[in-house]
Amino acid sequence: MAAKGDFTDNLGRLYSIYAGGFAVFVIALWILEDFAGLPSKVILWAYVALTVLVYAYIGIMSRTSQVSEYYVAGRSVPAVYNGMATGAEMSGICFVGMAGSLYVLGYDGLAFVLGWTGGYVLVAVLLAPYLRKFGAYTVPDFLGTRYGGNLPRLLGIIVLFAASFTYLTAQIYASGIIASRFLGIDFQIAVFAGLAGILVCSMLGGMRAVTWTQVAQYIILITAYLLPAIWMSTVKTGVPIPQIMYGSILGDIATMEQALGVATKDFHSLPFDGNGLWSIEARDFFFLIFCLMVGTASLPHILMRFFTTPTVREARKSVGWSLFFIFLLYFTAPAYAAFAKFNVMDMFVQAGGVLAYDQIPAWMYRWGNIGGNTLISICGAPVTDQAAVMAACGADKAAGFGFSDLSLGKDMIMLSTPEIAGMPWFVIGLVGAGGFAAALSTADGLVLAIANALSHDIYYKMIDPNADTKRRLFIAKTILLLVALLAAYTASKQPSDILSMVAWAFSLAAAGLFAPLVLGVWDARTTRQGAIWGIILGFGVTLYYLVGNVYGFDLAKGTGDELNWFDVKSISAGIFGIPISFIVTYVVSRVTPAPSREMQDFVLRLRAPKGGQLMEQTH
Amino acid sequence: MPDRISPEFAAAHWAKTRTLMWICLVLWAVFSFVIHMFVSALNGITFVGFPLGFYMAAQGSLVVFVVLIFWYSARQNAIDEEFGAAED
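Caption draft 1: Seen up close, the overall build of chain B. In terms of regular secondary structure, chain B is built from 3 helices and 2 strands. Along its sequence from the N terminus, chain B presents helices and strands in the succession α-α-β-β-α. Relative to its length of 88 residues, chain B is extended, with a C-alpha radius of gyration of 19 Å against a globular reference of 12 Å. Counting only C-alpha atoms and orienting by the principal axes, one finds that chain B spans roughly 60 × 20 × 15 Å. Each of the 88 residues in chain B was classed as buried or not, and the buried ones make up 36%. For chain B, restricting intrachain contacts to residue pairs at least 6 apart in sequence, the fraction spanning at least 24 positions comes to 57%.

Caption draft 2: The arrangement of the overall build of chain A in detail. The helix and strand inventory of chain A stands at 26 helices and 5 strands. Relative to the compact-globule value of 25 Å for 619 residues, chain A shows a C-alpha radius of gyration of 25 Å, a close match. The principal-axis extents of the C-alpha atoms in chain A amount to approximately 80 × 55 × 40 Å. Counting across all 619 residues of chain A, residues that qualify as buried make up 56%. Looking at chain A alone, contacts between residues at least 24 apart form 80% of all its contacts between residues at least 6 apart.

Caption draft 3: Examining the domain arrangement of chain A more closely. Domain boundaries in chain A define domain 1 (2–339 + 423–607) and domain 2 (354–401). Between the C-alpha centres of domain 1 of chain A and domain 2 of chain A there is a distance of 35 Å.

Caption draft 4: Expanded view of the interface of chain B and chain A. Taken together, the contacts link 39 residues of chain B with 42 residues of chain A. For the side of chain B that touches chain A, the secondary structure elements donating two or more residues are α1 (7–37), α2 (39–42), β2 (50–51) and α3 (52–82) of chain B. Top contributing element to the side of chain B that touches chain A by residue count: α3(B), with 17 residues. Each residue belonging to the side of chain B that touches chain A can be placed in one class, and the counts come to 25 nonpolar, 10 polar and 4 charged.

Caption draft 5: Spotlight on the packing of helix α8 (residues 110–134) of chain A against α3(B). Between α8(A) and α3(B), the least distance of the axes is 10 Å, while the angle of their chain directions is 5°. Put simply, α8(A) runs roughly parallel to α3(B). From α8(A), Leu110(A), Val113(A), Leu114(A), Thr117(A), Gly118(A), Tyr120(A), Val121(A), Ala124(A) and Val125(A) reach across to α3(B), where they touch Ala57(B), Ala58(B), Ser61(B), Leu62(B), Phe65(B), Leu68(B), Ile69(B), Tyr72(B) and Ser73(B). Looking at the contact of α8(A) with α3(B) residue by residue, the classes come out as 14 nonpolar, 4 polar and no charged.

Caption draft 6: Representation of helix α12 (residues 206–237) of chain A in the model. Compared with an ideal rise of 1.5 Å per residue, which puts 32 residues at 46 Å, α12(A) spans 46 Å between its outermost C-alpha atoms and is within 8% of the ideal. A positive phi of about 80° marks Gly238(A), the residue just after α12(A).

Caption draft 7: Quick look at the sheet that holds strand β3 (residues 376–378) of chain A. All names here are of chain A. Here 3 strands make up an open sheet; going across it, the order is β4-β3-β5 and the pairing antiparallel. Each edge of the open sheet carries a strand with a single partner, namely β4 (381–382) and β5 (406–408). Two elements, β3 and β5, share 3 bridges in a ladder whose sense is antiparallel. The residue bridging isoleucine 378 from the neighbouring strand is leucine 406, located in β5.

Caption draft 8: Region of interest: the environment of Arg472(A). Residue and element names in this part refer to chain A. Tracing the backbone shows arginine 472 in helix α22 (residues 469–492). On the basis of neighbour count, arginine 472 is assigned to the partly exposed category, with 18 C-beta atoms found within 10 Å. Between the alpha carbons of arginine 472 and histidine 456 there is a distance of 7.9 Å; along the sequence they are 16 residues apart. Beyond its immediate chain neighbours, meaning those up to four positions away, arginine 472 contacts Val67, Tyr460 and Ala467.

Caption draft 9: The packing of helix α9 (residues 139–147) of chain A against helix α21 (residues 425–463) of chain A, seen in detail. All names here are of chain A. Here α9 crosses α21 at 35°, and the two axes come no closer than 8 Å. Together, Pro140, Asp141 and Gly144 of α9 and Ala453, His456, Asp457 and Lys461 of α21 make up the contact between the two elements. Of the residues belonging to the contact of α9 with α21, the class tally is 2 nonpolar, 2 polar and 3 charged.

Caption draft 10: Region of interest: the confidence of the model for chain A. Confidence along chain A averages 91 in pLDDT terms, with 97% of residues attaining 70 or more. When mean pLDDT is taken per element in chain A, helix α25 (residues 574–591) of chain A scores highest with 97 and helix α1 (residues 2–9) of chain A scores lowest with 61.

Caption draft 11: Representation of helix α14 (residues 280–296) of chain A in the model. Over its 17 residues, α14(A) runs 24 Å from end to end, which matches the ideal 24 Å to within 8%, given 1.5 Å per residue. Most of α14(A) is tucked away: 14 of the 17 residues are buried.

Caption draft 12: Quick look at the confidence of the model for chain B. All names here are of chain B. Summarising the model, chain B shows a mean pLDDT of 93, and 98% of its residues fall at 70 or more. The spread of mean pLDDT over the elements of chain B runs between strand β1 (residues 46–47), the lowest at 92, and α3, the highest at 97. Confidence estimates for the predicted assembly give a pTM of 0.94 and an ipTM of 0.97.

The rules behind these values
- Residues numbered from 1 in each chain as written.
- Chains lettered and ligands numbered in written order.
- Predicted model: local features only at pLDDT ≥ 70, side-chain atom pairs only at ≥ 80, totals over all residues.
- Helix = DSSP H or I, 4+ residues; strand = E, 2+ residues; numbered from the N terminus.
- Rg over C-alpha atoms; globule rule 2.2 N^0.38 Å.
- Buried ≥ 20, exposed ≤ 12 C-beta atoms within 10 Å, placed from the backbone.
- Contact = placed C-beta atoms within 7 Å.
- Domains from an automatic or database assignment.
- Nonpolar A, V, L, I, M, F, W, Y, C, P; charged D, E, K, R; others polar.
- Axes fitted to C-alpha atoms, helices over the stretch in contact; angles between N-to-C directions.
- Parallel < 35°, antiparallel > 145°, perpendicular 65-115°, else oblique.
- Expected span 1.5 Å × (residues − 1).
- Pairing = 2+ DSSP bridges.
- pLDDT = per-residue confidence, 0-100.

Encoded structure:
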């Protein structure tokens, strides 16, 4: 145990050395690129190889043969570091796609920024300290103990699996896209490179290894996110603080939108597509914020991060640090989007409003079509060759195309902007390494959440409660390997809908888990029957609407039999399930016999931090 | 040393905790939803170069959330200590 004490005591020093070493590495590449003409391919490979080696090193050093180390990192993670790890966990959805969404959607895209940050207030106030005091290993573990018996536990696992598996697949898919674009390898191979990256971080050391690699990944990804934004801000305004300087850029964008004849409803800063507060567009904005926030406070891979702190007090503070590190990323995204949009619009303004076909920049061809996905199109045609684009735009645009004819995919904007803005390769490679770190860290958390529920809740709690430590860890690691393999296999099949399914995870988790978790702590009268029906109906209605709205009853898209309740979008399907689960849980709890005296006493003890955690460490 | 507090203290501790919870949730709702309902009016005001309505959704509310959680955390610790419910 001495080694572990040494490690947590020296965290500040170790991670400072690590961050310093990484800075030296970046500067060395800069110098080599500038003075020795290091080829771009070498730079890109060096970034990925070095970072994955570091993760593997941390992962192997953190290997463990203790159950509590494997499931909750020995409950020894200080608040600040747990915050960084949570920041890394929330980065996967933000890093690749967020700036692009904001580029395309403008103000209305800020629903994502608000939704994925404000949920932490709910985590801090309603759940994290109480779940920490309880002392579970997994979220279904809490449901199983609070409500008694295997059914609540099993329902919790079903919701967890439904919400987390597609989310995991999408993260592996993203890591494959990044690896294939930056390393120039085939997508199918790249997916398994991503898988290897995930396994080295998680398999040997479980939560302990994931935590310490996530801290390392956070340091890389935040640098990679900030540097290009700072670069663009300095070039354009002379001040290296993009988050403040883009205020004036928004004004420039508005001026250029007038000059380039952008339709009013597409104006960048205009809320709700120009519709008023009582419009469907405004309603969708608020519904989405609500579903994402409640979903953030329900997703097991996020909640389980707060099981790892030493005390209840640290758990509360850690939520604050988590949001601080997430905030650094999320408040930069709108700045990134504004500078990127400015650069593209400026190109059209400089050309006099229309860009001639022989002036199509090289980056548009490079990013036009990757692995069969159209990322850039002009007049609706993928940018692959000049003749195809000219044909699509037609004779009345013989002179060239305008800004409005150009459509950029939201998943390419973050990764391609450094290239568009003409930054050197050492920055472009850094962004690639950052995107890879973000996808890996989120995937690590998800694979662990799924595998732990299967190994702890199903195997240990339901099948073989007498298993010894060695066997439990063997089973846990085997299941983790299988879950990761299955997700990587699914990702390699490139299911077309996978990216839209990520946002569904938040609605599904919110509708299935939020009410039984919150009421389990805040209402001692909540009964087993109440929780069971709350989960079934809340989750059931949301899943029914999601599938019904997107596919209809024949499970095929666009056949006209799709459900439509009040024009609510599938991404906000939780808006039906969340209130239903609360009402059902509350009402059924009131008409069924009160929980046992022991259980009510248990809830009372949950509420005061004093007296140590309620579940024994060895359970 | 008993590992729990008396029922009277527990009830008072929970009453104060609940009040704090509602205060936090009201502030959360204001900065998540209510303030953004006035985005068009706020956009008439310029704040460090930003239209204020846009700024609140892109940064202002986020800053409030971060501060709110640290404030909550300090307040809740104070409540725990007041009733002897804090960790040893």
